[in-house]
Every structure is written in structure tokens, then in C-alpha cells.
Amino acid sequence: SPPGPWLYDDRLRMGGVKLYLDGALGSRGAWLIEPYADDPGNRGLALTGETQLRNLMSRAAMDGFQIAVHAIGDRANTAALDAIEELALTYKGDRRWRIEHAQVVAPGDIARFGKLGAIASMQPIHQVSDRTMAEARLGPARLGGAYAWRSIAAGGARLAFGSDAPVERPDPFAGMAAAL
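Computed from a predicted structure; not experimentally measured.

**Observations regarding the environment of V128**
Then, number 1: Summarising the element assignment, V128 is placed in helix α4 (residues 125-138).
Then, number 2: For the pair V128 and G175, spaced 47 residues apart in sequence, the C-alpha to C-alpha distance is 9.1 Å.

Here it is as C-alpha cells:
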């Protein structure tokens with residue numbers, strides 16, 4: 001049968017699809033515009049090519065799924081926003097395009113979240129647990145777009161906060177404290 005949101009004789013509904021653009025910042029797998037400060041020459045990993053990303057997003061959108069794109073590095077976030085911008089011309093309405101993590105965003109891309117109606121699904125506790133590692137990976141000069149939930153929200157984007165359990169403890173109070 002063709003792919004669709006309803007499974008098991010309409011007893012289970014799958015509402016979304018998560019696609020992975022890059023890896024994690026800690027492992028130096030987050031896809032960056034500039035090389036890692038502590039590993040020159042390494043820009044991370046593009047786990048999904050940009051054409052493949054658009055094809056997967058288009059197929060999921062045709063079948064009525066909400067799309068969440070895992071993007072941690074600034075290059076991955078740019079690629080996700082570029083794909084959303086292009087696909088939004090075809091797939092109208094509130095598609096609830098979502099970018100998972102949006103941990104390191106190029107300063108010029110911060111306002112694009114709101115402009116495109118993209119949801120930034122962020123985990124504030126990552127700023128606390130990753131703070132020193134992120135500074136080492138990016139260097140202090142490139143932290144302006146890292147963990148920038150206030151700036152992304154100020155640009156009109158919707159935020160969805162979570163814990164990223166089991167990567168982090170599922171403690172909502174720690175996440176709220178970090179967000180504040």
C-alpha cells in the first residue's frame with residue numbers, strides 16, 4: 001500500500017517524519033560553514049545531500065506528514081531553511097516546517113525562521129551542558145548565532161522547547177531555567 005499517515009488498520013497515526021542533515025557538535029559532525037576552531041579543515045558531515053533533502057521533504061509533504069529536519073550546524077540550518085523556502089512555494093498553508101535543534105545558526109539566517117514560518121525546535125539545556133565544548137568547537141567569535149532562541153523568537157518564529165531525552169535528562173525545570 002502507498003505510504004500514508006495511518007498505519008495498522010487506522011489504529012496508529014504517524015504525523016511526522018524526521019530527516020537528518022548533520023551530526024552532533026560534540027563529535028564534530030555538525031555541518032558548519034567554516035571549519036571547526038579546534039579541528040581546522042573539518043566542516044562536519046552532510047548526512048543528506050541538499051537535492052535528496054528536497055526530494056524527501058517533497059515526498060513527505062505530498063503524503064501529509066509534518067517534516068522535522070535535524071540541523072545542528074550553521075551550514076545544515078542554512079540548507080534546511082533553503083529547502084523550506086523552495087518547497088513552501090509548492091506546498092502552501094501552515095505546513096509546520098520544523099528544524100530540530102537549530103543549535104548553531106548563521107546570524108543572517110536567524111530572521112529567516114520567522115519569515116518562512118519555520119518552527120525552531122530547540123533544547124535550551126544544550127546551552128548549559130554544551131557551553132564550554134561549543135566555545136572550543138566554534139571559537140568565541142562564532143557564538144552569536146548559537147543557542148539563539150531569543151533572537152529567533154524576536155524574528156517572529158515559533159519555538160518548541162524540549163529536553164532531547166535520552167541525550168539529556170527529561171527535566172523540564174532545568175530546561176526552563178536554561179531558557180530563562
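**With respect to the nonpolar core**
Then, number 1: Of all hydrophobic cores here, the largest spans 43 residues; its most connected members are L25, M57 and F113.
Then, number 2: At the level of elements, α1 (50-62), β4 (66-71), α2 (74-87), α3 (110-116), β6 (119-122), α4 and α5 (149-154) are the ones that each hand at least two residues to this core.
Then, number 3: With seven residues, the top contributor of residues to this core is α2.
Then, number 4: Among residues more than four places away in sequence, those in contact with M57 are L19, I67, V69, A83, I84, L87 and W97.

**Some details on the sheet that holds β6**
Strand-to-strand pairing in sheets goes through backbone hydrogen bonds, with the strands running parallel or antiparallel.
Then, number 1: Pairing is parallel in the open sheet, where five strands are placed in the order β3-β4-β5-β6-β7. Looking at the sheet topology across the chains shown, the edges are occupied by β3 (16-20) and β7 (158-161). With strand direction ignored, the average angle separating the axes of adjacent strands in the sheet is 25°.
Then, number 2: When β6 meets β7, the two strands line up parallel, connected through four bridges. Across the sheet, I119 pairs through a bridge with R158, a residue of β7.
Then, number 3: Strand contacts of α1: β3 and β4, with the helix running at about 155° to β4, the strand carrying the most contacts.

**So, the environment of A134**
Then, number 1: Locating A134 in the fold gives a position in helix α4.
Then, number 2: Its relative accessible area of 1% is what places A134 among the buried residues.
Then, number 3: Taking the C-alpha atoms as reference, A134 lies 9.3 Å from V104; in sequence the two are 30 residues apart.
Then, number 4: If near-sequence neighbours (up to four positions away) are discounted, A134 is found in contact with L25, G139, L143 and Y147.

The rules behind the values
- Residues numbered from 1 in each chain as written.
- Predicted model: local features only at pLDDT ≥ 70, side-chain atom pairs only at ≥ 80, totals over all residues.
- Heavy atoms only, no water.
- Helix = DSSP H or I, 4+ residues; strand = E, 2+ residues; numbered from the N terminus.
- Core = buried A, V, L, I, M, F, W, Y, C linked by side-chain atoms within 4.5 Å.
- Buried < 20%, exposed > 50% of the residue type's maximum accessible area, 1.4 Å probe, protein only.
- Contact = heavy atoms within 4.5 Å.
- Pairing = 2+ DSSP bridges.
- Axes fitted to C-alpha atoms, helices over the stretch in contact; angles between N-to-C directions.

Nothing here speaks to function; it is geometry throughout.
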